[in-house]
Amino acid sequence: MLLFPVALLVLGCRHDALDGAMPEPVCDTLDVSYVGDIVPIMQMRCAVPGCHIPGGNGTGDFTTWAGLRTQVDNGKLIPAIERTVGAIPMPPDGSMIPACDIRVIKAWVNGGAQDN
């Protein structure tokens, strides 16, 4: 008889490690488009004052598809955002582009980096 209340006490006080944890957001890399997906990432992370804008210090103007496409075509975009050894790491301030944004950019590049 004593076993039942003890078991209830032990099981009743159990806390899962996931209690209160937020699930990771879904990273949608299907049907990635330049206008809908890439432009917002570039505006937030790269085409910022002093960097990848007309007259900025960055290697190219990422406010346009043609400017960004140049970095895709020369093979420097993905190594830079992945911070690959030997590449110029972007962003240069040491911050990291979120993994989902990198996956979206890679999906766009792997899909032909279309102006869509």
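Thresholds, definitions, all that
Starting afresh in each chain, residues are numbered from 1 along the sequence in its written order. The model is predicted, so local features are restricted to residues of pLDDT at least 70 and side-chain atom pairs to those at 80 or more, both for listing and for counting; the totals for chains, interfaces and linings are taken over all residues. In computing side-chain values, all of the structure's heavy atoms are included and hydrogens and water are not. Among buried residues, those of type Ala, Val, Leu, Ile, Met, Phe, Trp, Tyr and Cys that are joined through side-chain atoms within 4.5 Å constitute a nonpolar core. Buried means the residue's accessible area, taken with a 1.4 Å probe over protein chains only, is under 20% of the maximum for its type, while exposed means over 50%, and partly exposed covers the values in between. Helix and strand definitions here come from DSSP, where helices need a minimum of 4 consecutive H or I residues and strands a minimum of 2 consecutive E residues; each element is numbered from the N-terminal end. Two residues qualify as a contact provided that any one of their heavy atoms is within 4.5 Å of a heavy atom in the partner residue. The definition used for a disulfide is geometric: two cysteine sulfur atoms within 2.5 Å. Only the contacting stretch of a helix is used when fitting its axis, a line to C-alpha atoms as for every element, and angles between N-to-C directions run 0 to 180 degrees. We call two directions roughly parallel when the angle between them is under 35 degrees, roughly antiparallel when it is over 145, roughly perpendicular when it lies between 65 and 115, and oblique otherwise. Rotating anticlockwise by less than a right angle from the far helix to the near helix defines a left-handed crossing, while the corresponding clockwise rotation defines a right-handed one. Charged residues are taken to be Asp, Glu, Lys and Arg, nonpolar residues to be Ala, Val, Leu, Ile, Met, Phe, Trp, Tyr, Cys and Pro, and polar residues to be all remaining types, Gly included.

Novice: Would you take a moment to explain the nonpolar core for this structure?
Specialist: For soluble globular proteins, the rule of thumb is that nonpolar side chains tend to be buried together. Within the largest apolar cluster, 21 residues are counted, with the highest numbers of intra-cluster contacts made by I38, M42, L68, L77, I105 and W108. Looking at this core, the element that brings in the most residues is helix α5 (residues 99-110), giving five residues. In contact with L68, not counting residues within four places along its chain, are Y34, I38, M42, D61, F62, L77 and W108.

Novice: Which parts of the structure should I look at to understand the state of the cysteines?
Specialist: Covalently bonding the sulfur atom of one cysteine to the sulfur atom of another cysteine gives a disulfide. Scanning the entire structure with this criterion turns up one disulfide. Here C27 pairs with C100 through a disulfide, and the sulfurs are 2.1 Å apart. Its S-S torsion of about 95° marks the bond between C27 and C100 as right-handed, since a negative value means left-handed. Of this pair, C27 sits in the loop between α1 (3-12) and α2 (34-45) while C100 is found in helix α5, placing the two residues 73 residues apart along the sequence.

Novice: Honestly, the packing of α2 against α5 in this entry has me stumped. Any pointers?
Specialist: Helix-helix packing is described using two parameters, namely the angle between the two axes and the distance between the axes. Packing of α2 against α5 leaves a shortest axis separation of 10 Å and a crossing angle of 130°. Here α2 lies oblique to α5, going by the angle between them. Our pair here, α2 against α5, has a crossing hand that is left-handed. For the pair α2 and α5, contact is made by Y34, D37, I38, I41, M42 and R45 and by D101, V104, I105 and W108, respectively. Split into classes, the residues belonging to the contact of α2 with α5 amount to seven nonpolar, no polar and three charged.

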